[in-house]
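Okay, here's what each chain looks like letter by letter:
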Amino acid sequence: MGAWPWKMLTARGRILVPADGWYEWKPLADGPKPPKQPYYIHATDNAPLFFAALSNWRPGADKDEAHGFALVTNDSLGGMIDVHDRRPVALPADLAIHWMDPEFPTAQALALLEHGLPETAFTWHPVRQEVGNSKYQLPDAIEPVPPMPAA
């Protein structure tokens, strides 16, 4: 996991971000601005995911960029490395509950990050280019499409 600039938040800023999955974009060629194929990554069993995250937000604080959150990430392994070199740490439900418990000791909470779901718990497929636009909110945003040809 390495050194974290967020260390101060590990004691009091642990949160969970629930999700069905996430998107990553894989370059289709080398170069400064190659075309990219978006992929939707989700649990193989379609179960909800619980991403470990850190936040400095507190009740009564402004809801702005300074009080947002950051997902905890780790290196990708296995076949997922072909899509992206980093991935969010998704915790199993029985461990996720401890991650967000402020009474759970910080050292033990950080150790939980080593027990995130393995790459084998995920599947991924290409999706339409439109998912790169935050205004695109149609249900087909996670439907598989044929991959774009390599450039």
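Look a little higher up for the structure.
An account of the accompanying structure is given in this report. Remember, predicted model here, so these are calculated numbers, not experimental data.

### A look at the side chain of Glu119
Right, so step 1: Within the element layout of this structure, Glu119 appears in the loop between helix H3 (106–112) and strand S8 (122–126).
Right, so step 2: On the basis of relative accessible area, Glu119 is assigned to the buried category, the value being 11%.
Right, so step 3: When residues no more than four places from it in sequence are discounted, the contact partners of Glu119 are Asp75, Ser76, Leu77, Met80, Arg87 and Trp124.

### Section: the sheet that holds strand S1 (residues 14–19)
Right, so step 1: Spatially, S1-S4-S5 is the arrangement adopted by the three strands of the open sheet, whose pairing is antiparallel. Sheet topology places S1 and strand S5 (69–71) at the edges, where each strand pairs with a single neighbour. Taken over all neighbouring pairs, the strand axes of this sheet differ in orientation by 40° on average, direction set aside.

### What about the packing of aromatic side chains?
Right, so step 1: All chains considered together, the criterion is met by four aromatic pairs.
Right, so step 2: Summarising the aromatic geometry, the rings of Trp22 and Phe122 are spaced 5.3 Å apart at their centres and angled 80° between planes, so their arrangement reads as edge-to-face. Linking Trp22 in strand S2 (residues 21–27) with Phe122 in strand S8, this pair joins segments that are 100 residues apart in sequence.
Right, so step 3: When the ring of Tyr23 is compared with that of Tyr40, the centres are 5.6 Å apart and the planes differ by 55°; the resulting orientation is tilted. In this pair, Tyr23 sits in strand S2 while Tyr40 sits in strand S3 (residues 36–43), placing the two residues 17 residues apart along the sequence.
Right, so step 4: Of the residues examined, Tyr23 reaches a relative accessible area of 26% and is grouped as partly exposed.
Right, so step 5: A residue is classified by how much of its surface remains accessible, and Tyr40, at 7% relative accessible area, is buried.

### A word on the sheet that holds S2
What holds strands together in a sheet is hydrogen bonding between their backbones, with the strands either parallel or antiparallel.
Right, so step 1: Strand order across the open sheet formed by three strands is S2-S3-S8, with antiparallel pairing between neighbours. Every interior strand has two partners, whereas the edge strands, S2 and S8, have only one. Strand after strand, the sheet turns through a mean of 30° between neighbouring axes, direction not considered.
Right, so step 2: Across five bridges, S3 lies against S8 in antiparallel orientation. Bridging across to S8, Ala43 finds its partner in Phe122.

### A look at the pattern of salt bridges
Right, so step 1: Scanning the entire structure with this criterion turns up four salt bridges.
Right, so step 2: One salt bridge in this structure joins Arg86 and Asp75, with 2.4 Å as the shortest N-O distance. In this pair, Arg86 sits in strand S7 (residues 86–88) while Asp75 sits in strand S6 (residues 73–75), placing the two residues eleven residues apart along the sequence.
Right, so step 3: Given the relative accessible area of 31%, Arg86 is considered partly exposed.
Right, so step 4: For Arg128, the salt bridge identified is with Asp140, shortest N-O distance 3.2 Å. Highlighted residues: Arg128 in the segment after S8 and Asp140 in the segment after S8, separated in sequence by twelve residues.
Right, so step 5: By relative accessible area, which is 24% here, Asp140 ends up partly exposed.
Right, so step 6: What you see here is one network of salt bridges that share partners, running through Arg128, Glu130 and Asp140.

Rules and cut-offs
- Residues numbered from 1 in each chain as written.
- Predicted model: local features only at pLDDT ≥ 70, side-chain atom pairs only at ≥ 80, totals over all residues.
- Heavy atoms only, no water.
- Helix = DSSP H or I, 4+ residues; strand = E, 2+ residues; numbered from the N terminus.
- Buried < 20%, exposed > 50% of the residue type's maximum accessible area, 1.4 Å probe, protein only.
- Contact = heavy atoms within 4.5 Å.
- Pairing = 2+ DSSP bridges.
- Axes fitted to C-alpha atoms, helices over the stretch in contact; angles between N-to-C directions.
- Phe/Tyr/Trp six-rings, centres within 6.5 Å; stacked < 30°, edge-to-face > 60°.
- Salt bridge = Lys/Arg side-chain N within 4 Å of Asp/Glu carboxyl O.

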